[in-house]
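Residue strings, one per chain:
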Amino acid sequence: MTGIGVEAGAQAARSRALAVLRVRGRALGVAVLPAAAEVILLAGAATGHLVGPGWDAARWAVGVLAVLVLLATAGIALVIARARPAMTPTVPVTEESAPDLYRMVRDLAERLAVPAPSAIALTPDCDSWLEDRTHPAHVPPVRTGPGAADLPGEGRRPRRVPVAPVLVIGSPFLWWMRVGELRAVIAPVVAGTGPSAQPDIAAARRFVRGLDATLAVAATPRRGPLARGACAVLGRVARLLLGACREHAAQMERGVAAAAAERAQTVDYGLRIVAQEQVGLAYAGWDRLLTRVALPAWRMGRWPSRLDVGVVAALTELSRRDRLAEGFTSRLGERPACDLLEEPGSVDEATSLLAARLFHGGPAGPRADWAPVDWQSYPEEVVDRTWRADAARLHRVLDSLGPRPARHTAAPTLARILDHLTEPTDPAAGPTDPATGPTGPAGPAATAGPGAALVPARTDARTDARTDADTALAAADDPDEDDDPGTERSALLAAGLSAEVAREENAVPRGATAAGQSPPCTLWDGGALPLVPLQPPRTARELLTDHVTAMVCCAAVDTAGAVPALDWLDGPSLLLHGERAADLAPRVLSLIEEGDPGPLRDWLAAAGIRPEKPIRLV
C-alpha cells in the first residue's frame, strides 16, 4: 500500500486539496474574464455584428482593462510562485553524522510503505513534524569539504530538489527517549510522507504556502508610494484567496494526519502508548530547564552548551523527587536515542545555541559577551555572577533615590537594603537614622514632605540617566498601574530597578554578530528576536524580589560560607550549611510587600548571616 492508499483520511485530504485547487482555478477564471470579453468584442467586429462608435469605445475600454488585469495577474502569480515560504530554524543532521538514525528512519519508512524523508533536522523543542523544503530558496548552496552536504546525495547531485519532506525531530526526544520509544513516536510523522507525495495534496500545499509567503512580502515596509500601492493590492488579493481556502486547507491537514496515524498503527503500537507518556514528561522537563536554568544564564551573556544533557538530569531529578516517576529511572539502563548520533556533543551544542537564539534572541555565534558555559561551571559563572550583578544594580538604583544615611558606610551592605525597605512605625517619618534624624541633615529634603528622602537630593552626572527612572517612579504612584501589594518604598525602588534594567537591555544589540551586524541567516528573514519568548517581561515587583533575594544570597556567601548551586528543576539555588535554602522567598516577600523585616532578620540570624558586613559586588 503506497501513495494515497485506501485510508479514509487520505481520501478526505485529497478531496480538500482539490477544493483548494478549485479556489485557485476560480481566481484565474475571474482574472481572464476581461480578456474573454475582449475576444468576444473583437470577434463581433470581425463578423460585422458589433460595429459602431459605441462598440469601438467598448472594445478599447475592455481591451485596456484586460491588459491591466492580465499584467496584474501575472505579477501576483509570479510573486506567489517565487515568494520564499517560512522555514523553521533547525540544526541539519547529515547522514555521515548519524548513519544509524538515517538507517532507522529508512527501515521505518519501508515498514510503513511510504517514501523515506529526504533529510533529518533537529529543533530545540518537544515536537516532531515533516517540513516541505522543495522551494528553490530552501535548497542549500553547493559546498565542498568534509561534512558539507546537508542532504543525502547533495554532493553528487546538488541541483536536484528533494521530493520527500524533511523530518524534523525535537532534540530533547533524542536524549531522553530510548531508541524504541523514539521510533514509536516518529512513526506517525514518517507515515505522513505517503499523503504528502500525492500530487494534488502537494500542489495545494505549495499554493497555500505561496499565499502565506506573499502576505509576508506585502507586509514588508516600502518607501515609495507606487511600491506601497502595489503591496496593498498584493496583500488584499492574497488575504482574499487565503480566506477562501483556509477551511479546506485545515481539513486537508487533518485528513493527512488521520491517514498517517492510521498507517502507523501497525508499527510499535503498544510501545507508542508508553512513549507518549515520555513525550509529556520531556516537555515538562524541557520547559522547566529553559525557564528556570537556561534563561538566567542567557541574561548573563552565557549560553549552556549542553541543554539536552541538562533535560536528562532534570527529569532524573524529577524521578527522584516524585513518587509517580519512580519507574522512569529503570529506563536509563536502555540505549538512549542520542547514541544514534556519531557526535552527540557537537549536535547538543548546536541545538543549545539555536535555543538561545530562538527563545532569548542571543547572537548567532559565540563572542566576547556571549560565551558557552558547561554545567560544572554554571554555579560560579552564572549563579554567583547573577547575584552580584543584581546586588550591584540594586545599590546603584538606591544611590540614585537619595543620599546615603550616615550610619551606613560607603561599602554595600544588606543592612542598608533592610533599613530602606522597612516601613516606619510613624507613616510620616522617613528612614530613621540615630545621628541625623528621619531624613538626614537639615536641608531641602527635611521640608519637602512625606517620602522626600526617596527623591534625589543632589544633581550630578547621573541626572540624565535617571530621566526614565523618574518617569517610572511617577507611574508607580498610580494604583491602577500596578495591583501588586507593596509599600511606597518598595514601589519606588521597584520602578527604579525596572527602568534601569530596561536601559541596560536597550543598550545591548540583540541578535548581532561580533561585527555588530545581523547575520545573513537563511532560517528567518530579519524577524524580531526572540521568535518565541519564554516568559513575559518581569514586572517591577518581580525584579525587586529577585534583586533583594540576590542581595541576601551574596551576604550569605560572603559572611556565612554559603555556596551557589544549581538545582535542575528550580535553577539557581543557595546551599547553606550543605542544605538548600528553600524557605527564603516568603521572608523576602514579607519585607517587600509589608515592609516587615522581622521574618527575614530572624532567618538571617538563624543562618549566621551578618547583614551589616560589606559584600563583594561584580
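Reading the values: the criteria
Residues numbered from 1 in each chain as written. Predicted model: local features only at pLDDT ≥ 70, side-chain atom pairs only at ≥ 80, totals over all residues. Heavy atoms only, no water. Helix = DSSP H or I, 4+ residues; strand = E, 2+ residues; numbered from the N terminus. Buried < 20%, exposed > 50% of the residue type's maximum accessible area, 1.4 Å probe, protein only. Phe/Tyr/Trp six-rings, centres within 6.5 Å; stacked < 30°, edge-to-face > 60°. Pairing = 2+ DSSP bridges. Contact = heavy atoms within 4.5 Å. Axes fitted to C-alpha atoms, helices over the stretch in contact; angles between N-to-C directions. Salt bridge = Lys/Arg side-chain N within 4 Å of Asp/Glu carboxyl O. Disulfide = S-S within 2.5 Å.

Q: Can you walk me through unusual backbone geometry in this structure?
A: Glycine aside, negative phi is the norm for most residues, and most peptide bonds take the trans geometry. At Ala 113, a position not held by glycine, the phi torsion is positive, near 60 degrees. Checked against the element boundaries, Ala 113 lands in the loop between helix H3 (99–112) and strand E2 (119–123). Overall, Ala 113 belongs to the partly exposed group, its relative accessible area being 28%.

Q: Just to check I follow, could you spell out the packing of aromatic side chains for this structure?
A: Centre distance and the angle of the planes are the two values used to describe a pair of aromatic rings. The full count for this structure, using the stated rule, is 2 aromatic pairs. Ring plane angle 75 degrees and centroid distance 4.9 Å describe the contact between Trp 375 and Trp 568, whose orientation is recorded as edge-to-face. One end of the pair, Trp 375, is in the loop between strand E6 (371–373) and helix H12 (378–400); the other, Trp 568, is in the loop between strand E7 (563–567) and strand E8 (571–576), with 193 residues separating them in the sequence. Residue Trp 568 is classed as partly exposed on the basis of its relative accessible area of 21%. One aromatic cluster in this structure is built from Trp 375, Tyr 378 and Trp 568.

Q: Sorry if this is basic, but what is going on with the sheet that holds E8 here?
A: Working definition: the strands of a sheet are paired by backbone hydrogen bonds and lie parallel or antiparallel to each other. On the basis of which strands lie adjacent, the open sheet formed by 3 strands has the order E7-E8-E9 and antiparallel pairing. Where the open sheet ends on each side, the last strands, each with one partner, are E7 and strand E9 (579–580). Bridge analysis of E7 against E8 gives 5 bridges, and the strand direction is antiparallel. Bridged to Pro 564 within E8 is Leu 574. H12 contacts E7 and E8 of the sheet and is inclined by roughly 110 degrees relative to E7.

Q: Would you mind going over the pattern of salt bridges with me for this structure?
A: On inspection of all chains with the given rule, the structure shows 28 salt bridges. Between Arg 14 and Asp 200 there is a salt bridge; the shortest N-O distance is 3.1 Å. Of the two residues, Arg 14 sits in helix H1 (residues 8–46) while Asp 200 sits in helix H7 (residues 199–218), which places them 186 residues apart along the sequence. When salt bridges with common partners are traced through the structure, they connect Asp 390, Arg 393, Arg 396, Glu 500, Arg 503 and Glu 504 into a single cluster.

Q: Looking at this structure, I do not really get the state of the cysteines. What am I missing?
A: A covalent bond bridging the sulfur atoms of two cysteines is what the word disulfide describes. Overall, the coordinates contain 0 disulfides when judged by the stated rule. Not part of a disulfide, Cys 553 finds its nearest cysteine sulfur in Cys 554, a span of 7.1 Å.

Q: When you look at the environment of Leu 576 in this model, what are you seeing that I'm missing?
A: Mapped onto the elements of the fold, Leu 576 is located in strand E8. Among the residues examined, Leu 576 registers a relative accessible area of 10% and is labelled buried. Each C-alpha atom, one on Leu 576 and one on Ala 556, is 7.8 Å from the other, the two residues being 20 residues apart in sequence. Those residues in contact with Leu 576 that lie beyond four places of it in its chain are Ala 556, Ala 560, Ala 562, Trp 603 and Ala 607.

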